Amino acid sequence: MADVTTREYTDPVRVGAENPGWADWRALITPQIREQYKRDGVVFLRQALHPEWLLLIEMGLQRVLGTGAQFKHKFFQGESGEFTETVRNFEHSFELQRLMYDSPIADMMSLLLGSERIWYYSDEFFIKEGKGNRTPWHQDMSYWPLEGEQIASMWISLDPLPRELCLEMIPGSHRTTRYDGFSPKDVSVDPTAPYYGEELPPLPNIEAERDKWNIVSFDIEPGDVILLHPGVLHGGGWTPEGGRRRAITIRCYGEDIVYARRPASRPTVPLTPGLSQLLKPGDPLRSPWYPQLRPVPENQRTR
């Protein structure tokens, strides 16, 4: 773990910082950024999304919260730090569908990952209104039925956040140990309680030993984005009394991603019935659950 816990993280490119308003996404995904993503699994881009795309996300959030069709999962349910999570909102929101097809998000993923073709994997809202607990440390890849290199998550906050309340990450941890996930129903008692409880080693208690890990975060404004490899150890910040943190993570993948099995004791996330019956390990991850975003399908083109 030495390269993860002791190497000093550098943030060499904050391309949009000198530009008022929003930046041209084509200028943001430089060779330097692509190399940083491969090495650290974490890059931060300032003002990558125009305010109108943020408005579309906010409209999508309001639709998702207002529909009874979307399941709204509660972390720390019934406790003072309770917060809401909703997964795979794409199919419940016309606004998020247009975001995926019309905004530059999939184009940024394509350039970052070096894949002409890009597919949607999932999206996830985190809504923390008032005092909200941390999202426990974990790696997303532990929960997902896939393997490969061409994959990224874009974390977008609708609210300004100081770094101590923002997403936190451990650069380079996608290249080391693959841990078990945490068990959502047990987070109040033990944030490292295993999700599967077999095959994968248990999560370390990072929050209890923060000084042993190379933890990074950022002061973030609406329009800034964090691009994160789903194998990177990360955890969400807390919110103080009277605070608000509404964020969405959008996950996309490229051509080298294949289906992979996970331990059989629990389902993978998000729940995708039938996938294991249609694909075998090593098959390209192709399914109606994961629509192609780039090139834009003919029936979704707006110009």
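Caption draft 1: Quick peek at helix α4 (residues 51-66). Taking 1.5 Å per residue, 16 residues should reach 22 Å; α4 reaches 23 Å between its end C-alpha atoms and fits that length. What α4 keeps buried is the set Leu54, Leu56, Ile57, Gly60, Leu61 and Val64. The arc that holds every buried residue of α4, seen down its axis, measures 155 degrees, which confines them to one face. Away from its buried face, by an angle of more than 90 degrees, α4 presents the exposed residues Pro51, Glu52 and Gly66. Tucked inside the fold, the buried residues of α4 contact β3 (83-87), α5 (94-102), β4 (118-129), β7 (151-157) and β11 (244-253).

Caption draft 2: Layout of the pairing of β11. The buried fraction of β11 amounts to nine of the 10 residues, a majority that puts the element mostly inside the structure. As paired strands, β4 and β11 are joined by 10 bridges and run antiparallel to one another. Its bridge partner being in β11, Tyr120 is matched across the sheet by Cys252. By the bridge criterion, seven bridges tie β7 to β11 in an arrangement that is antiparallel. Across the sheet, residue Ile151 finds its bridge partner in β11, namely Tyr253.

Caption draft 3: Spatial organisation of the nonpolar core. Leu45, Met154 and Ile156 are the most contacted members of the largest nonpolar core, which totals 40 residues. Ile156 has contacts with Leu49, Leu54, Ile57, Ile105, Val225, Arg246, Ala247, Ile248 and Ile250, leaving out every residue within four places of it along the chain. Among the nonpolar cores identified, the runner-up in size contains 29 residues, and Tyr121, Tyr195, Leu233 and Ile257 belong to it.

Caption draft 4: A look at the side chain of Arg246. Following the sequence through the fold, Arg246 ends up in strand β11. The class of Arg246 is buried, set by a relative accessible area of 5%. Discounting residues that sit within four places of it in the chain, Arg246 has contacts with Glu58, Leu61, Phe126, Ile127, Glu129, Ile156, Ser157, Leu158 and Asp159.

The rules we used
- Residues numbered from 1 in each chain as written.
- Predicted model: local features only at pLDDT ≥ 70, side-chain atom pairs only at ≥ 80, totals over all residues.
- Heavy atoms only, no water.
- Helix = DSSP H or I, 4+ residues; strand = E, 2+ residues; numbered from the N terminus.
- Expected span 1.5 Å × (residues − 1).
- Buried < 20%, exposed > 50% of the residue type's maximum accessible area, 1.4 Å probe, protein only.
- Arc of directions from axis to C-beta.
- Contact = heavy atoms within 4.5 Å.
- Pairing = 2+ DSSP bridges.
- Core = buried A, V, L, I, M, F, W, Y, C linked by side-chain atoms within 4.5 Å.

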